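Observations on chain architecture
Take a look at the letters that make up each chain.
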Amino acid sequence: NAGVMQNPRHLVRRRGQEARLRCSPMKGHSHVYWYRQLPEEGLKFMVYLQKENIIDESGMPKERFSAEFPKEGPSILRIQQVVRGDSAAYFCASSPPTGSSENTIYFGEGSWLTVV
Amino acid sequence: GEDVEQSLFLSVREGDSSVINCTYTDSSSTYLYWYKQEPGAGLQLLTYIFSNMDMKQDQRLTVLLNKKDKHLSLRIADTQTGDSAIYFCADLYNQGGKLIFGQGTELSVKP
């Protein structure tokens, strides 16, 4: 089952370090999304990307967070100088190209970031 | 901004039907989704419904949509203990890729 693949599943970082989370979309999917789930909260949209383009980054914090989806390779969510409040589960999702007959949005298993 | 609301908890007995309710505010909603999340796991897509439909059935799952009242429900027939999880309703906002999620309903199934 070549679903949405995320790694690492679990990541521990000290305050001030960088965290890099990777996501490979489902085969045939060209749209990638990142969501964050804070403890005891629902999922919040962060960013929507297509290959080499950021379509909507309205949910991204203004500082320290960045995302990319290069022409080759997985999408990367990068968090610089992590703080304890960044501890959360980060979920990647993907969907088929625009105009597809399906509007399915599939999620990966998540990357759990713990900042100590 | 747009909002999606769900009740937080639901407890049912094994074999009964479960109905999880959701309301949303987005008047231009096109697709609405139901996801299931088990502890420590990702979100499993259960089903979705296009906004011009009233109902969609998929095996034990029935989705009802009242677009006038902006109310969505998920009915699980013959609920099993393996159905215990958190269920999220989500609205595809503005036809783009942004899903607006409810807080999730924790379903507890008692034997």
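See the structure printed just above.
Before going further, it helps to spend a moment on the sheet that holds strand β1 (residues 4-6) of chain B. Hydrogen bonding along the main chain pairs the strands of a sheet, whether they run parallel or antiparallel. Residue and element names in this part refer to chain B. Ordered by their spatial adjacency, 5 strands build an open sheet running β1-β3-β8-β7-β6, and the pairing between neighbours is antiparallel. For this open sheet the edge positions go to β1 and β6 (55-58), each flanked by a neighbour on one side alone. Adjacent strand axes in the sheet meet at a mean angle of 15° when their direction is disregarded. Across 3 bridges, β1 lies against strand β3 (residues 18-24) in antiparallel orientation. Directly across from Gln6, in β3, lies its bridge partner Cys22.

The next subject is the packing of aromatic side chains. Applying the stated criterion to the full structure yields 13 aromatic pairs over all chains. Ring geometry for Tyr35(A) against Phe101(B): centres 5.6 Å apart, planes inclined by 85°, an arrangement best described as edge-to-face. Residue Tyr35(A) is located in strand β4 (residues 31-37), and its partner Phe101(B) is located in strand β10 (residues 98-101); the two belong to separate chains. This pair shows no difference in class: Tyr35(A) is buried, exactly as Phe101(B) is. For the ring pair Phe88(B) and Phe101(B), a centre distance of 6.1 Å and an interplane angle of 85° mean the geometry is edge-to-face. Taken together, the residues Phe88(B) in strand β9 (residues 85-93) and Phe101(B) in strand β10 connect sequence positions 13 residues apart. For Phe88(B), a relative accessible area of 1% puts it in the buried group. An aromatic cluster of at least three residues, connected via ring pairs, comprises Tyr35(A), Phe45(A), Phe107(A), Tyr31(B), Tyr33(B), Tyr35(B), Tyr48(B), Phe50(B), Phe88(B) and Phe101(B). Here the guanidinium or amino end of Lys56(B) rests over the ring plane of Tyr48(B), the centre of that ring lying 4.3 Å away.

The interface of chain B with chain A comprises 17 residues on the first partner and 20 residues on the second. Interface area, chain B with chain A, both sides summed: about 1,500 Å², of which 60% is carbon and sulfur. Among the residues chain B hides against chain A, the three largest losses belong to Leu43(B), Gly97(B) and Lys98(B). Together they make up 29% of the total. Joining chain B to chain A, the criterion identifies 0 salt bridges. For the pair chain B and chain A, the number of links is 4 residue pairs in polar contact (both at pLDDT 80 or more). Of all the secondary-structure elements, those providing two or more residues to the side of chain B that touches chain A are β4 (31-37), β5 (43-50), β9 and β10 of chain B.

Calculation notes
Residues numbered from 1 in each chain as written. Chains lettered and ligands numbered in written order. Predicted model: local features only at pLDDT ≥ 70, side-chain atom pairs only at ≥ 80, totals over all residues. Heavy atoms only, no water. Pairing = 2+ DSSP bridges. Helix = DSSP H or I, 4+ residues; strand = E, 2+ residues; numbered from the N terminus. Axes fitted to C-alpha atoms, helices over the stretch in contact; angles between N-to-C directions. Phe/Tyr/Trp six-rings, centres within 6.5 Å; stacked < 30°, edge-to-face > 60°. Buried < 20%, exposed > 50% of the residue type's maximum accessible area, 1.4 Å probe, protein only. Lys NZ or Arg CZ within 6 Å of the ring centre and 35° of its normal. Contact = heavy atoms within 4.5 Å. Buried area = accessible area lost by both parts, 1.4 Å probe. Salt bridge = Lys/Arg side-chain N within 4 Å of Asp/Glu carboxyl O. Polar contact = N/O pair within 3.5 Å; in protein donor to acceptor, adjacent residues only side chain to side chain.

So, to be careful, I would describe these as geometric facts and stop short of saying anything about function.
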